[in-house]
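An overview of the molecular structure
Here is how the chains run, residue by residue.
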Amino acid sequence: MSFTADRLLLFGATGDLAQRMLLPSLFALDADGLLAPDLKIVGTARSQMTDGEYRNFARAALEKYLPADRRGRMAEFLNRLSYQPLDATTLEGYDDLAAKVGTPQRGLAIFLSTAPSLFGPTIKGLQSAGLTGETVRMCLEKPLGTDLASSCEINDAVAAAFPEDRIFRIDHYLGKETVQNLLALRFANIMFEPLWNAAHIDHVQITVAETVGLEGRVAFYDDAGAIRDMVQNHMLQLLALVAMEPPAHFDATAVRDEKVKVLRALRPVEPAQTVTGQYRAGAIQGNAVPGYDEELGKDSDTETFVAIKAHVDNWRWKGVPFYLRTGKRMPKRVTEIVIQFACVPHSIFEGKGATMQPNRLVIGIQPEENITLSLMAKVPGLDREGIRLRSVPLNIAMPDAFSGAVRRIAYERLLLDLVEGDQTLFVRRDEVEAQWEWVDAIRAGWKADDITPKTYTAGSWGPSAAIALAERDGVTWHE
Ligand code: BG6
């Protein structure tokens, strides 16, 4: 499997993801000399377009979505592109597609960024045209199903043509630099790992808050909801990286073996340990925004916010709650992981009037890439009236620490890993299925108990019940 593909075939080449992420990422890699000089990129989608028209389409997408500081000469990149129209649902057309792809010298990477309903027919079409051979890798973009059963169906369809070591399932959170940095923090430093367990950690919080609403993805989102859109994939991957045992190596098998053990150890969650919400009209950073029902144009029971108190039932994490929350139309965009350490076992300062706060590690993933460790320190003074201690932050702003480094978006990393054949940051089938199993059980509990989302005002941190979910354990969400 260790070859660098010299052909990349993009299904969904005219779609939103291709325009916003894939083409800009490929361009940026090319501009930095990271793509093999002979890599040809073939786009395919239903629209009729010539190669020239697709290049114009791609140019427009680059001009619109590339940050100004990363634009450059486009002609060479555009020359790598060609286009073949295809109705993916019928077998006709795949031979022409194969002809357009030509004969790769080393190998072909295929990226499916289409509706999952097209995955099955696409695989059949590729098989019929001889595009599933041993030097072909298959990359799948989410959503991979809507529950365990539909995810298994997709995985079976893909497995009929590709062995697992040639399947690359994207979870773009794994491509984020700060998410990978979590592994460096845990496993490249001696001081955290001995404390990283139930004896020293009180609880963990994972927040993925967004200010955006539906963003025009009405049908998709209303069928998915926050738990399937964000928790089933991104948040559970973050949780797995926080909770996993140290892998012996940083490679695809070792890392994924450890993550899946965590996902399988997730305790089934009772509905009372969850809170769901749906936003109503409000204001975000001073701008009025409509409610979900207004954006959708009808009433709906889909949750745009979910909070869950989860547990990993294994030796390391016995009794440590993992509070997860994600929502649309929150007051600010923030993805962060909070590790709340336990109190010191005995305070020598107690008799001197000092109060202590336990240490806290906050790993900011976006928009700010910061690692902040709060430590107790003595307030300067002569202490005639007792010792005063205060929590002070030890703060590392990653952009300052690595000011010369290029900040790359997740898809740049993931596309390069796909082309080069490294699966470490892609999700294995057993992980996806463990994720679905846990999420399906939560959704079944909601259904059985007739739970519908509570409303919350756009621009707030979700329904007040979400605050209560943590507060009844004496925990305050980090804001
Ligand atoms: C996607 C979800 O997977 O992730 C979107 O479908 C969400 O609803 C997006 O907005 C968030 O990604 P990021 O990288 O902006 O945090």
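Criteria and cut-off values
- Residues numbered from 1 in each chain as written.
- Predicted model: local features only at pLDDT ≥ 70, side-chain atom pairs only at ≥ 80, totals over all residues.
- Heavy atoms only, no water.
- Helix = DSSP H or I, 4+ residues; strand = E, 2+ residues; numbered from the N terminus.
- Rg over C-alpha atoms; globule rule 2.2 N^0.38 Å.
- Buried < 20%, exposed > 50% of the residue type's maximum accessible area, 1.4 Å probe, protein only.
- Contact = heavy atoms within 4.5 Å.
- Areas by Shrake-Rupley, 256 points an atom, 1.4 Å probe, with all protein chains shown as cover.
- Pairing = 2+ DSSP bridges.
- Axes fitted to C-alpha atoms, helices over the stretch in contact; angles between N-to-C directions.
- Near = heavy atom within 4 Å.
- Polar contact = N/O pair within 3.5 Å; in protein donor to acceptor, adjacent residues only side chain to side chain.
- Nonpolar A, V, L, I, M, F, W, Y, C, P; charged D, E, K, R; others polar.
- Patch = residues over 30% accessible without salt bridge, like charges linked within 9 Å, V, L, I, M, F, W, Y side chains within 5 Å.
- Salt bridge = Lys/Arg side-chain N within 4 Å of Asp/Glu carboxyl O.
- Core = buried A, V, L, I, M, F, W, Y, C linked by side-chain atoms within 4.5 Å.
- Domains from an automatic or database assignment.
- Lys, Arg positive; Asp, Glu negative; His and termini not counted.
- Charge placed at Lys NZ, Arg CZ, Asp CG, Glu CD.
- Phe/Tyr/Trp six-rings, centres within 6.5 Å; stacked < 30°, edge-to-face > 60°.
- 1 Å grid on protein atoms, 1.4 Å probe; cavity = no way out; pocket = protein on both sides within 12 Å on 5 of 7 lines; lining within 4 Å.
- Points joined across faces, edges and corners; volume = space filled by probe spheres on them.

1. A word on the overall build of the protein
When helices and strands are counted, the protein shows 14 helices and 17 strands. Its C-alpha atoms give the protein a radius of gyration of 24 Å, near enough to 23 Å, the size a compact globule of 479 residues would have. Each principal axis of the C-alpha atoms in the protein carries an extent, and together these give about 85 × 50 × 45 Å. Taken over 479 residues, the protein has a buried fraction of 53%. Of the contacts made within the protein by residues no fewer than 6 positions apart, 78% connect residues no fewer than 24 positions apart. About 21,300 Å² of surface is accessible on the protein, with carbon and sulfur atoms providing 52% of the total.

2. As for the sheet that holds strand S6 (residues 167–169)
Strand order in the open sheet formed by six strands is S3-S2-S1-S4-S5-S6, with parallel pairing between adjacent strands. Each having just a single partner strand, strand S3 (81–85) and S6 make up the two edges of the open sheet. Across the sheet, the axes of successive neighbouring strands diverge by a mean angle of 20 degrees, strand direction being ignored. Direction of pairing for strand S1 (residues 7–11) relative to strand S4 (residues 108–112): parallel, over a ladder of five bridges. Its bridge partner being in S4, Phe 11 is matched across the sheet by Leu 112.

3. Let's talk about the site of the ligand
Every residue close to the ligand is listed here: Lys 142, His 172, Tyr 173, Lys 176, Glu 210, Arg 217, Asp 229, Met 230, His 234, Lys 328, Arg 333 and Gln 366. Within the side chain of Lys 142, one N or O atom sits 2.8 Å away from an oxygen atom of the ligand. Contact distances for the ligand include 2.6 Å between an oxygen atom and a side-chain N or O atom of Gln 366. Relative to its free-state accessible area of 400 Å², the ligand is covered by the protein chains to the extent of 82%. Sort the elements by how many residues they give to the shell around the ligand and helix H8 (residues 218–243) lands first, with three residues. Of the residues assigned to the shell around the ligand, the class counts are two nonpolar, three polar and seven charged.

4. Section: a nonpolar patch on the surface
On the surface, Leu 375, Val 392 and Leu 394 cluster together into a nonpolar patch covering about 220 Å² of accessible area. Topologically, Leu 375 is positioned in strand S15 (residues 370–378).

5. Focus: the nonpolar core
Within the largest apolar cluster, 118 residues are counted, with the highest numbers of intra-cluster contacts made by Phe 111, Phe 322, Ile 337, Leu 361 and Trp 438. It is H8 that contributes the most residues to this core, 13 residues altogether. Lining this core are residues from two domains, each supplying at least three of them: domain 1 (7–169) and domain 2 (174–471). Those residues in contact with Ile 337 that sit more than four places away from it in its chain are Leu 182, Val 204, Gln 205, Ile 206, Leu 238, Val 242, Leu 361, Val 362, Ile 363 and Ile 365. Counting residues in hydrophobic clusters, the runner-up holds 26 residues, among them Leu 9, Val 136, Ile 154 and Val 158.

6. Concerning a negative patch on the surface
Together, Glu 270, Asp 299, Asp 301, Asp 449 and Asp 450 make up a region of like negative charge exposed at the surface. Position of Asp 450 among the secondary structure elements: in the loop between helix H13 (429–448) and strand S17 (454–457).

7. Observations concerning the packing of aromatic side chains
Here the structure, examined in full by the defined rule, presents 11 aromatic pairs. Seen from their ring centres, Phe 168 and Phe 426 are 5.0 Å apart, and the 80 degrees between their planes marks the pair as edge-to-face. Remark: Phe 426 occurs in the loop between helix H12 (410–420) and H13 and Phe 168 occurs in strand S6; sequence separation between them is 258 residues. As far as the burial class goes, Phe 168 and Phe 426 line up, both buried. Here the aromatic rings of Phe 192 and Trp 196 are separated by 6.3 Å at their centres, their planes lie at 75 degrees, and the arrangement is edge-to-face. Taking relative accessible area as the criterion, Phe 192 reaches 9% and is therefore assigned buried.

8. What about the sheet that holds strand S14 (residues 360–366)?
Pairing is mixed across the open sheet formed by nine strands, whose spatial order is S16-S15-S14-S13-S7-S12-S11-S8-S17. Since the sheet does not close on itself, it has two edges, and those belong to strand S16 (389–397) and S17, each with one partner. Taking the axes of each pair of neighbouring strands and ignoring which way they run, one obtains an average angle of 20 degrees across the sheet. Here H8 sits on the sheet and contacts strand S7 (201–209), strand S11 (305–311), strand S12 (321–327), strand S13 (334–341) and S14; the angle it forms with S12, its principal contact strand, is near 145 degrees. The strands touched by helix H14 (residues 464–471) are strand S8 (274–280), S11, S12 and S17; relative to S11, the strand with the most contacts, the crossing angle is about 15 degrees.

9. Comments concerning the pairing of S3
Taken across its five residues, S3 has four buried, putting it largely inside the fold. Sheet analysis places strand S2 (residues 40–45) next to S3, joined by five bridges and oriented parallel. Note that in S3 the partner of Ala 45 across the bridge is Pro 85.

10. Quick look at empty space enclosed by the protein
In the structure shown here, the tally under the stated rule is one cavity of 30 Å³ or more. One number sums up the size of the largest cavity: a volume of about 40 Å³. Mapped onto the lining of the largest cavity, the elements with two or more residues apiece are helix H7 (177–187) and S14. With four residues, H7 is the largest single contributor of residues to the lining of the largest cavity. For the lining of the largest cavity, the residue count by class is five nonpolar, three polar and no charged.

11. Focus on the environment of Glu 215
Looking at the secondary structure, you find Glu 215 in the loop between S7 and H8. Distance in space between the C-alpha atoms of Glu 215 and Arg 46 is 23 Å, their sequence separation being 169 residues.

12. A short note on H7
Among the 11 residues that make up H7, eight are buried, leaving the element largely enclosed by the rest of the structure. Listing the buried residues of H7 in full gives Thr 178, Val 179, Gln 180, Asn 181, Leu 182, Leu 183, Leu 185 and Arg 186. Looking at the buried positions of H7, the neighbouring elements they touch are H8, S13, S14, S15, helix H11 (398–401) and H12.

13. Some words on the pattern of salt bridges
With the rule as written, the count across this model stands at 31 salt bridges. Between Arg 428 and Asp 257 there is a salt bridge whose closest N-O contact spans 2.9 Å. A residue pair is termed long-range when its members are at least 10 positions apart, and Arg 428 in the loop between H12 and H13 and Asp 257 in helix H9 (residues 252–264) qualify at 171 residues. For Arg 428, a relative accessible area of 12% translates into the label buried. In this structure, a network of salt bridges that share partners links the residues Arg 186, Glu 193, Glu 245 and Arg 316.

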